[in-house]
Amino acid sequence: HRLFWGDARKSIGQLKGSITVEEQKADGVEGGEAVNEDTPELPIAGTTARPSGTKTPVAKVMSARSTQDSLTPLPEKALLAGTVPLDKLWHSEPLAVHLYVLSARNLVSMEGTPSPQMSPFFVASLGSQEYRSTDTSSDTTTTTATAQMPRGSTNTASPSFYRHVVFQARVPGDAELRVRVFDRRAMGEELIGEARIDVEDRWLAYKREMQTVGPHEIGGAFLAPKRPFPVEILPLLKSGSSQHLGLPTGTLRAIVDLVPEEETSLYDEIPIEDCVRTEEFQLRMVVWNVENITIFKDLARRNDVTVEVTLIVTHFNGRRVAYSERTDVHKFAQDMANFNYRILFPITLPAYHVELVVKLVDIDTLSTDELIYAPRSYELDHLCRVALQRQGNGDL
């Protein structure tokens, strides 16, 4: 929650915490409220006086005492099952924060208009550690990007950076990871916008969900997207003055991985060069036949069957491309249809997401085509990653 001061509501900081609400039931007390016998009773606002002998709705006022013996901790069974104990929240853990800054898109100047004459670069910081994409080396962080990677871009509003930076952090503690994008000008540097990632929030959310849900259910608003290539599209906001605080000035494409100290040697870094180079591939699919057809759209229990295949490719810039092709038609097919048909699709990798959708369609000459069964979707992300790795190793 943001903290504001004065009638002008000047932003002076943020308050961060966690609130859990649960109904507590005490033994022998109706309604689950343990109330002191000496607690004063106050009439509820808006009620009228009632005749003698009738009960009046009352609000129980719980009194707070400053004596130590009156502070009774909640029983263990009163805590939500599986939640992280409070003392564990303040147990500091060392983490390696892997930041992959890929690119920025649609940057705008302070006046709010796109400028193709920008020379953008970024500065990433966590606590006292800082990395500048214009630097040739860094004392507080390490980078695995190769020398031919662009450290900044010239005359473009959609620069490509492709840098891998590693920060050392302790959580709770080093809470905020900041990535600021600047425009290099003749008179100095001008801040375009910044993206903020709460490392502490993500790690505690991850630890909490690990103890409260099954591994297959892990996910949420605070965690990175669950993809083989989890690219985040973060909004860049103009900051530094009250007039421009929160003004959107573009987007930043990045990947953030949090690795515990004991798992550092096991962490498989994302090869940043895979994000830079693109390779052209051909996806080949052979449709042999379809068996056990039990739904018939035509008379005499038959279909004129074709298989429609659609390849959907979502690129890192958000562009979505779809290719569709159908096999030949097996007319008067009953429980089986034969094709022996090969389908070829061009595909450019790497991609954000690759999906194959297969439909079984009944072809009608005088009316619209009908689906025989609901479409089936198959994700090909893993297959594409394997193809890229084998291409890089020279196995293809």
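Everything below is about the structure shown above.
Residues numbered from 1 in each chain as written. Predicted model: local features only at pLDDT ≥ 70, side-chain atom pairs only at ≥ 80, totals over all residues. Heavy atoms only, no water.

What is the right way to read the overall build of the chain from this model?
Helix and strand counts for the chain stand at 4 helices and 21 strands. For the chain, the residues scored as buried account for 34% of the 396 residues in total. Looking at the chain alone, contacts between residues at least 24 apart form 65% of all its contacts between residues at least 6 apart. Accessible area of the chain: about 24,900 Å², with a carbon and sulfur share of 52%. (Helix = DSSP H or I, 4+ residues; strand = E, 2+ residues; numbered from the N terminus. Buried < 20%, exposed > 50% of the residue type's maximum accessible area, 1.4 Å probe, protein only. Contact = heavy atoms within 4.5 Å. Areas by Shrake-Rupley, 256 points an atom, 1.4 Å probe, with all protein chains shown as cover.)

Can you help me understand the packing of aromatic side chains in this one?
Any pair of aromatic rings gets described here by the distance separating the centres and the angle formed by the planes. For the structure on display, the rule yields 3 aromatic pairs. On the numbers, 5.6 Å between centres and 20° between planes, the contact of F121 with F182 is stacked. Of this pair, F121 sits in strand β6 (residues 120-126) while F182 is found in strand β10 (residues 176-185), placing the two residues 61 residues apart along the sequence. On the basis of relative accessible area, F121 is assigned to the buried category, the value being 1%. On the basis of an interplanar angle of 70° and a centroid distance of 5.1 Å, the ring pair of F122 and F161 is categorised as edge-to-face. Of the two residues, F122 is situated in strand β6 and F161 in strand β9 (residues 160-171); the sequence distance between them amounts to 39 residues. (Phe/Tyr/Trp six-rings, centres within 6.5 Å; stacked < 30°, edge-to-face > 60°.)

Help me understand the nonpolar core, please; the structure alone is not making it clear to me.
Nonpolar side chains in soluble globular proteins tend to be buried together. Grouped together as the largest cluster of nonpolar side chains are 29 residues, with contacts concentrated most on V97, L99, F122, F167, L177 and L252. When sequence neighbours within four positions are dropped, the list of residues in contact with V97 reads L126, V165, V166, F167, A169, L177, V199, V256, D257 and L258. Counting residues in hydrophobic clusters, the runner-up holds 27 residues, among them I293, V313, A351 and V354. (Core = buried A, V, L, I, M, F, W, Y, C linked by side-chain atoms within 4.5 Å.)

Help me out: how do you make sense of the pairing of strand β1 (residues 2-5) in this one?
In regular strands, side chains alternate between the two faces of the sheet. In this structure, β1 lies alongside strand β2 (residues 10-14), joined through 4 bridges in antiparallel fashion. Directly across from W5, in β2, lies its bridge partner K10. (Pairing = 2+ DSSP bridges.)

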